[in-house]
Amino acid sequence: KSGLLSIMEGLAKVGVPNEVLEFLFGWFEGGGEHPKIPEAKGSIKAVRSVAFFIPLYELYLTYGGIFRLTFGPKSFLIVSDPSIAKHILRENSKAYSKGILAEILDFVMGKGLIPADGEIWRVRRRAIVPALHQKYVAAMIGLFGQAADRLCQKLDAAASDGEDVEMESLFSRLTLDIIGKAVFNYDFDSLSNDTGIVEAVYTVLREAEDRSVAPIPVWEIPIWKDVSPRLRKVNAALKLINDTLDDLIAICKRMVDEEELQFHEEYMNEQDPSILHFLLASGDDVSSKQLRDDLMTMLIAGHETSAAVLTWTFYLLSKEPRVMSKLQEEVDSVLGDQYPTIEDMKKLKYTTRVINESLRLYPQPPVLIRRSLEDDVLGEYPIKRNEDIFISVWNLHRSPKLWDDADKFEPERWALDGPSPNETNQNFKYLPFGGGPRKCVGDLFASYETVVALAMLVRRFNFQIAVGAPPVSLVLCRYIFKL
Ligand code: HEM
């Protein structure tokens, strides 16, 4: 029996499709008794087209909460069912790894917290989570306010000149400035300058994005690394970022050595409250590649996600003046002309609901990626190890079976006096920050960051889509897909 199993696993490893294995070995383990996962056929072309969510959504409506998509020798399970998502993310999370995601992001994140699995992940998660303690997050609110104020000044100038502004790139710069200070006390100052380091961060980000949608991993071809000007540029950018990180780690280490603060649970250096400072003070190894991988991971994880949330929120608001007026009313009455404080976070209830609802309609990332490490049962279907799985948060968040008026932007669907919606109180039909042990470590940070930026901007400005602006459309999500 075990001999047969290892033959099957061997064949699976060399790329023999599941269907062929099933055909050859289906009799073994009583094959036909189990229900078979519905297979979406004849839809491959559609899914390869650019806006892949829409075909995956259509396929979900046809095939249901779990179905298989096959591309030549590869196949993927698409999950859009809350209880199966809960099983994979929480109940049996140990049986799943990050799979393809770890492969794609290796060049930039190495074994950082997002792609890492197993023991490395466990050890690093235990080191990093405490760094984002309550006192740290509260201190960050001041930073969010200052950064948002710098953006307001930039917008003031544009408004008085009657210029249109491209908010997507401004939000990207806002959140880069914030995450640089928050993670390693570095001021990119990207809202004012285009320095080499800012350009390097964007080069690396675009590369991660391109790799995630590339049909062939050309970067793995040895000679390509030396001849491709694009890869040389990426490598130079990575080197610049790594050198900068080395300098920052050295500066921070000196500060830690000189300070007289005792390390404790809510340890924080007021001059430098960064996550890096906490990690070094807690005894993290300054020379380790792991520390650099984790810093880089947080830089990327906390940057484009928050920028995308803000961009989509303003897009949604531009189409719903009713929501915008209600939002402005709340912001005026809570903040007046003060910077937001931690106490205000509880009072900005409608503002928070606007962000909650924007995250429902435009989750970042729209798909969570996993690979099964062992055989398992999803709903009523047995699955083998080595299955690549996409949990479609997009489908869960827009399912007509799970939501009334699923496509409507309606912050009122979340009661103001109720708890903030999360995966637990919504029983895994709402997963803006994932769920289970791999849930986002920056969820509270990101919620406050987006609430502060939203509040400060709508207090000062009205926004509308520029006349003659190109239509808004979805591009492939960041750092996700390789089909
Ligand atoms: C993981 C979303 C901001 C750091 C995740 C996951 C999601 C997510 C959905 C789970 C991924 C998975 O299960 O495969 C978001 C959104 C953000 C945001 C929507 C902004 C609105 C941040 C920030 C930080 C951060 C600001 C850092 C300060 C991380 C890390 C992980 C993660 C380190 C990996 C956790 C682990 O695997 O143990 N994020 N995130 N995120 N996020 Fe965030």
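As the structure is a prediction and not an experimental result, all values here were calculated from the model.

With respect to the site of the ligand
Item 1. In the vicinity of the ligand, 25 residues are found, and the nearest of them are Trp121, Arg125, Arg370, Arg438 and Cys440.
Item 2. One of the side-chain nitrogen or oxygen atoms of Arg438 is found 2.8 Å away from an oxygen atom of the ligand.
Item 3. Top element by residues in the shell around the ligand is helix H15 (residues 304-319). It accounts for three residues.
Item 4. Here the residues of the shell around the ligand are counted per class, giving 14 nonpolar, six polar and five charged.

Considering the sheet that holds strand S1 (residues 39-40)
Think of a sheet as strands paired side by side through backbone hydrogen bonds, with each pair either parallel or antiparallel.
Item 1. Across the sheet, which stays open at both edges, the six strands sit in the order S1-S2-S3-S8-S5-S4 with mixed pairing between neighbours. Each end of this open sheet is capped by a strand with a single partner; those strands are S1 and strand S4 (96-97).
Item 2. One ladder, built from two bridges, connects S1 with strand S2 (residues 66-71); its direction is parallel. Following the sheet pairing, Ala40 is matched in S2 by Leu69.
Item 3. Sheet contacts for helix H5 (residues 82-91): S2, strand S3 (74-79), S4, strand S5 (367-372) and strand S8 (388-392); angle to S8, the most-contacted strand, approximately 125 degrees.

Some remarks on the side chain of Arg371
Item 1. With respect to the helices, strands and loops of the structure, Arg371 is situated in strand S5.
Item 2. Residue Arg371 is classed as buried on the basis of its relative accessible area, which comes to 17%.
Item 3. Excluding anything up to four places from it in sequence, Arg371 contacts Ala95, Tyr96, Ser97, Gly99, Ile100, Glu103, Asn386, Glu387 and Asp388.

Some points on the packing of aromatic side chains
What describes a pair of aromatic rings is the distance from one ring centre to the other and the angle between the planes of the rings.
Item 1. Considering all chains together, one arrives at 19 aromatic pairs under this definition.
Item 2. Look at Tyr63 and Phe67: their rings are 5.9 Å apart centre to centre, the planes differ by 40 degrees, and that puts the pair in the tilted class.
Item 3. We classify Phe67 as buried; its relative accessible area is 0%.
Item 4. Among the aromatic side chains, those forming a connected cluster through ring pairs are Phe171, Phe314, Phe461 and Phe463.
Item 5. One residue, Arg360, lies across the ring of Trp403, its end atom 5.1 Å from the ring centre.
Item 6. Cation over ring: Arg398 sits above Trp394, and NZ or CZ is 4.2 Å from the ring centre.

Rules used in this analysis
- Residues numbered from 1 in each chain as written.
- Predicted model: local features only at pLDDT ≥ 70, side-chain atom pairs only at ≥ 80, totals over all residues.
- Heavy atoms only, no water.
- Near = heavy atom within 4 Å.
- Polar contact = N/O pair within 3.5 Å; in protein donor to acceptor, adjacent residues only side chain to side chain.
- Helix = DSSP H or I, 4+ residues; strand = E, 2+ residues; numbered from the N terminus.
- Nonpolar A, V, L, I, M, F, W, Y, C, P; charged D, E, K, R; others polar.
- Pairing = 2+ DSSP bridges.
- Contact = heavy atoms within 4.5 Å.
- Axes fitted to C-alpha atoms, helices over the stretch in contact; angles between N-to-C directions.
- Buried < 20%, exposed > 50% of the residue type's maximum accessible area, 1.4 Å probe, protein only.
- Phe/Tyr/Trp six-rings, centres within 6.5 Å; stacked < 30°, edge-to-face > 60°.
- Lys NZ or Arg CZ within 6 Å of the ring centre and 35° of its normal.

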